[in-house]
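# Topology and contacts: notes
Here is how the chains run, residue by residue.
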Amino acid sequence: METGSEFLNRNDYKTLFKNSCDLALEIDLMNGYYQLIVNNRPTVFKLPEIGHYAEFYSELLNDMYPKQQSRYLEFLQFHHLVSNYDLVNEKVIPLYFIKNGLHLQTEIIIYFAKDSVRKYAIFTCRNTINKDDERPGTAVYDVALRNTYDELYELNLTKKTYSIISHVDDKYVMPDLNGTLDSNSLALFRRTMHPQDVGKYSLSYEKLEKIYTDSREKYYGEYRRLCKDGTYRWIGVNVVKPEEIEGEEDKKLLCYVSDITERKNIEFEKIEENAEKVAKESTLQRREILEETEFLLFEWILKNGKPETYISAQISDTFAGNYDERDILQIWLKDEVVHPEDREEYRKFIAASLSPKRETIIRLRKKDNTYIYCKILMSVQFDENNDVVRATGIITNIDELIHIQESLKNKVERDELTKLWKAAAYYRKSQDMIENNEMEKYAIIRMDIDRFKFFNDIYGYKEGDRLLCMIAEILLSRKKSSDICGRINADIFCITFAYRELAQIHEFIRGISEDLQTRLKGMKKVVATFGICFVDDRKIPVHILTDRAALALSTIKGNMVKNYAFYDEKLRSKQIKEKKLEEHMEAALANGEFEIMFQPKCQIDNTQVIGAEALIRWNNSVDHTVVRPDVFIPLMEKNRFIIELDKYVWEGVCKTIRYWLDNDIPVVKVSMNVSRIHAHNRDFKDTIIQLLRDYQIPSHLIELEITEGTLVEDVDGLFDIMKELQSQGISLAMDDFGSGYSSLNMLHHIPVNTIKLDKNFFNSVVITPKGKRLIKNTIKLVKDLDVNILAEGVETKEQADFLLECGCNEAQGFYYAKALSKEKFTMLLKKTVK
Ligand code: C2E
Ligand code: CA
Ligand code: CA
């Protein structure tokens with residue numbers, strides 16, 4: 001599995017992996033951040049360009065088939081990558097996982113690389129099966145059943161189709177991978193079933209519908225199935241309703257097939273063996289033998305036409321019914337031992353002529369009036385004259401087998417680490433509780449550990465896991481017994497909490513925070529934060545309520561004072577607004593609703609216009625409002641639409657400059673904003689250079705503004721790109737300087753021509769003497785670096801004068817002008833610029 005080799009050359013990655021991999025990440029082994037190199041399947045791998053490997057890894061864990069976890073995943077842990085680096089071990093790891101509902105069978109290879117300063121691991125992932133074989137849906141079940149069952153079918157009741165989700169290779173003669181369902185749904189096996197078993201226990205649509213609507217309803221049948229080697233094997237066929245899948249509208253059932261040949265063989269052997277013994281032994285000994293077996297036996301021995309009946313004592317001990325002189329098969333019918341719904345099937349079974357071997361599966365009522373699934377197998381022996389000499393019946397309790405999915409379900413529903421409910425189960429159980437207890441008031445409390453990733457990085461995953469288990473313990477000890485508690489993922493826990501008064505919620509939250517502090521004594525502070533959403537409308541799906549709680553939580557991220565927040569009307573209307581904007585955004589761009597405005601940049605001493613900043617506005621056609629960029633830009637950075645929008649602005653600016661040039665209008669340099677998303681995407685340089693070329697714009701007429709926050713993120717290669725842009729004559733500005741990220745000594749390394757003093761920084765401190773001193777010194781330092789400085793947000797003459805006094809002669813702000821439309825700004829240029 002190991003392919004020792006050289007380090008890779010970093011410049012070769014892209015070409016190397018572009019065609020051979022679905023996904024390639026370069027992981028910086030110094031700081032744990034990864035950068036996306038190749039993502040050929042963006043719909044499957046929804047990854048940011050840059051992110052923390054730990055985060056990516058934990059998501060991978062979630063998506064993995066559980067059995068694999070211990071085997072391979074250890075190697076993929078960050079610290080393993082670090083320690084394996086020196087060994088230059090490239091590992092080939094076969095992995096199965098589920099991404100966005102698709103089953104992926106992949107091969108992961110880790111490569112290693114370095115440059116003069118840093119070491120890297122490159123995580124690559126390629127598909128090893130046909131894309132067409134990746135099947136959507138029913139993911140969770142497949143995971144649990146994969147190792148227990150030979151085949152898994154998905155039956156689609158809406159479309160009346162089936163498809164095979166997984167199957168063992170080279171064992172059975174297979175039906176088509178996809179097909180339609182007959183009225184007897186088992187017909188899909190017909191071609192491969194033993195001729196004698198065809199038509200046994202038919203599985204009608206009605207039955208399937210019943211299984212779908214009633215979770216207690218089940219189906220189990222046993223058949224002989226043709227194998228590729230020409231033999232027959234016994235299979236057990238189980239039909240169950242899967243966990244509901246979000247967004248799935250079709251009615252679907254799962255049908256899993258297991259190999260029960262061995263058990264079957266034992267059964268038949270037992271019959272034969274017992275029959276033989278029974279024939280020889282006395283009644284007493286016979287009973288002893290039978291009591292050793294797990295099967296219950298009844299039989300008629302016909303000697304000279306006079307039947308002798310035997311019924312195992314356990315039968316009358318276990319099952320309801322009055323075991324008198326009557327035929328046991330009749331007792332079960334007459335005394336209503338057979339489940340009402342199985343009676344018809346059972347009658348057919350009795351009525352069938354005495355065939356050598358026949359069986360049925362029915363529910364029989366026990367003495368405590370509960371039903372269990374039993375299989376009844378009849379074996380009849382004939383003498384030379386073809387007269388019946390013996391009829392033997394064997395009852396097998398297969399209830400456990402039928403209910404196996406219950407235990408599997410539990411496995412699927414419980415989080416392995418904390419034993420709390422997993423997301424889907426948590427949502428469903430909470431929903432049930434909320435809907436069925438109309439008198440109770442509920443709140444969804446979502447708990448998140450502040451900087452859990454950080455904790456994981458510092459203390460390692462083992463400690464991280466211990467912390468999660470500790471939290472689970474605390475939650476379980478603090479919650480009321482009826483409250484439902486789940487781990488949604490990583491460090492996110494949710495509690496569906498019944499309450500009478502608000503104080504109870506506060507008390508609960510406080511208790512958890514305190515317990516955590518007490519138990520973590522001596523360890524770095526771990527702070528729990530809580531988002532709370534009240535259940536007002538019981539019909540709203542719980543996962544939406546947990547999202548709302550998350551939204552509330554996000555409002556206190558980084559807040560040192562408050563560790564909880566409620567989802568309220570304000571948040572709600574904000575959320576609705578944002579959703580509307582997001583839905584409309586693409587159409588808006590096509591409609592020309594985005595308008596580029598120009599805010600003048602002026603020289604302070606003579607108020608001469610020396611440039612402009614292009615600022616975008618959204619003239620929303622839906623409600624005829626002007627939406628400010630502060631509202632929509634963060635949204636678009638989240639959904640990456642900003643990439644389109646920035647390009648639109650850049651092109652608009654180029655068009656405008658072209659227009660000025662063509663019409664002999666005095667031209668000034670225009671600054672354009674480059675979103676942090678672009679900075680992570682190296683292509684922006686080419687886009688801009690191409691635009692300048694297309695519109696024939698001299699590069700000195702363009703400036704690019706990149707925020708301080710982006711520049712200190714240490715984006716690999718960004719400075720190189722910036723230097724290249726500068727070498728093409730394009731100037732660069734650091735936007736929002738002083739908004740809190742950078743230190744002055746970093747400025748030495750950052751390739752910018754201009755620094756824009758942040759408006760907030762400037763506004764809040766200018767009034768105090770200390771603030772004034774700070775600004776003065778900052779300006780002096782920047783100027784010493786031979787970097788141009790411009791103050792943003794200048795609103796008063798006082799501020800302007802003060803700046804001038806400090807040696808800053810460029811400003812932008814309402815004191816001079818707000819952002820102007822293209823027409824107004826053009827007029828201004830005509831009037832004022834010589
Ligand atoms: P920014 O790049 O710092 O832009 C300056 C912001 O300060 C503008 O807000 C401007 O209208 C405002 N401003 C100018 N003078 C004054 C003043 O005297 N007082 C005060 N209080 N504010 C002043 P705007 O246009 O709302 O834009 C907000 C932010 O949205 C911008 O901050 C920028 O980060 C972003 N943005 C705007 N247009 C674009 C764009 O085309 N692309 C990208 N990526 N971001 C943009
Ligand atoms: Ca700006
Ligand atoms: Ca700014």
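Figured I'd write up the structure that's included with this text. What you are looking at is a predicted structure, and each value in this text was computed from that prediction instead of being measured.

Protein coordination at the calcium ion (ligand 2) comes from E613 (OE), N673 (OD1), E705 (OE) and D735 (OD), with a distance range of 2.1 to 2.3 Å. Spacing between the donor residues of the calcium ion (ligand 2) along their common chain follows E-x59-N-x31-E-x29-D. The distance between the calcium ion (ligand 2) and the calcium ion (ligand 3) comes to 4.1 Å, with D735 serving as a donor to both metals. Highlighted residues: E705 in strand 28 (residues 702-707) and D735 in strand 29 (residues 731-737), separated in sequence by 30 residues. Grouping residues by exposure puts E705 and D735 together as buried.

Here the focus is the packing of helix 20 (residues 642-662) against helix 28 (residues 822-832). Viewed as axis vectors pointing N to C, helix 20 and helix 28 meet at an angle of 40°, and their least axial separation amounts to 12 Å. In this structure, helix 20 crosses over helix 28, and the sense of that crossing is right-handed. In contact with T656, Y659 and W660 of helix 20, helix 28 contributes K822, F825, T826 and L829.

So, on to the sheet that holds strand 11 (residues 232-240). Pairing is antiparallel in the open sheet, where six strands are placed in the order 9-8-7-12-11-10. Strands at the two margins of the open sheet, each flanked by one partner only, are strand 9 (178-180) and strand 10 (219-226). Across the sheet, the mean angle separating the axes of adjacent strands is 25° when strand polarity is ignored. The pairing of strand 8 (residues 161-167) with strand 9 spans three bridges and is antiparallel. The partner of T161 across the bridge, within strand 9, is T180. Here helix 6 (residues 205-213) sits on the sheet in contact with strand 7 (151-156), strand 10, strand 11 and strand 12 (252-259), set at roughly 105° to strand 12.

With that out of the way, let us pick up the coordination of the calcium ion (ligand 3). Ideal coordination angles are 109.5 degrees for a metal with four donors arranged tetrahedrally and 90 or 180 degrees for a metal with six donors arranged octahedrally. Distances from the calcium ion (ligand 3) to its protein donors, D735 (OD), D736 (OD), E792 (OE) and E792 (OE), fall at 2.2 to 2.5 Å. The sequence motif formed by the donor residues of the calcium ion (ligand 3) is D-D-x55-E.

With respect to spatial proximity, 23 residues lie near ligand 1, and among them Q599, R628, D646, E795 and F814 are the closest. Q599 is positioned such that a nitrogen or oxygen atom in its side chain is 2.9 Å from a nitrogen atom of ligand 1. The contact in question runs from an oxygen atom of ligand 1 to an N or O atom on the backbone of F814, over 2.7 Å. For ligand 1, the accessible surface in isolation is 790 Å², of which the surrounding protein chains cover 88%. Mapped by element, the contributors of at least two residues to the shell around ligand 1 are strand 25 (609-620), helix 19 (629-639), helix 20 and strand 29. In terms of residue count, the dominant contributor to the shell around ligand 1 is strand 25 (four residues). Within the shell around ligand 1, the residues separate by chemical class into eight nonpolar, five polar and ten charged.

Criteria and thresholds
Residues numbered from 1 in each chain as written. Chains lettered and ligands numbered in written order. Predicted model: local features only at pLDDT ≥ 70, side-chain atom pairs only at ≥ 80, totals over all residues. Heavy atoms only, no water. Donors = N, O, S within 2.8 Å, 3.2 Å for Na, K, Ca; no water. Helix = DSSP H or I, 4+ residues; strand = E, 2+ residues; numbered from the N terminus. Buried < 20%, exposed > 50% of the residue type's maximum accessible area, 1.4 Å probe, protein only. Axes fitted to C-alpha atoms, helices over the stretch in contact; angles between N-to-C directions. Left-handed = near helix turned anticlockwise from the far one by under 90°. Contact = heavy atoms within 4.5 Å. Pairing = 2+ DSSP bridges. Near = heavy atom within 4 Å. Polar contact = N/O pair within 3.5 Å; in protein donor to acceptor, adjacent residues only side chain to side chain. Areas by Shrake-Rupley, 256 points an atom, 1.4 Å probe, with all protein chains shown as cover. Nonpolar A, V, L, I, M, F, W, Y, C, P; charged D, E, K, R; others polar.

From the geometry alone we can't say anything about function, so treat these as descriptive.
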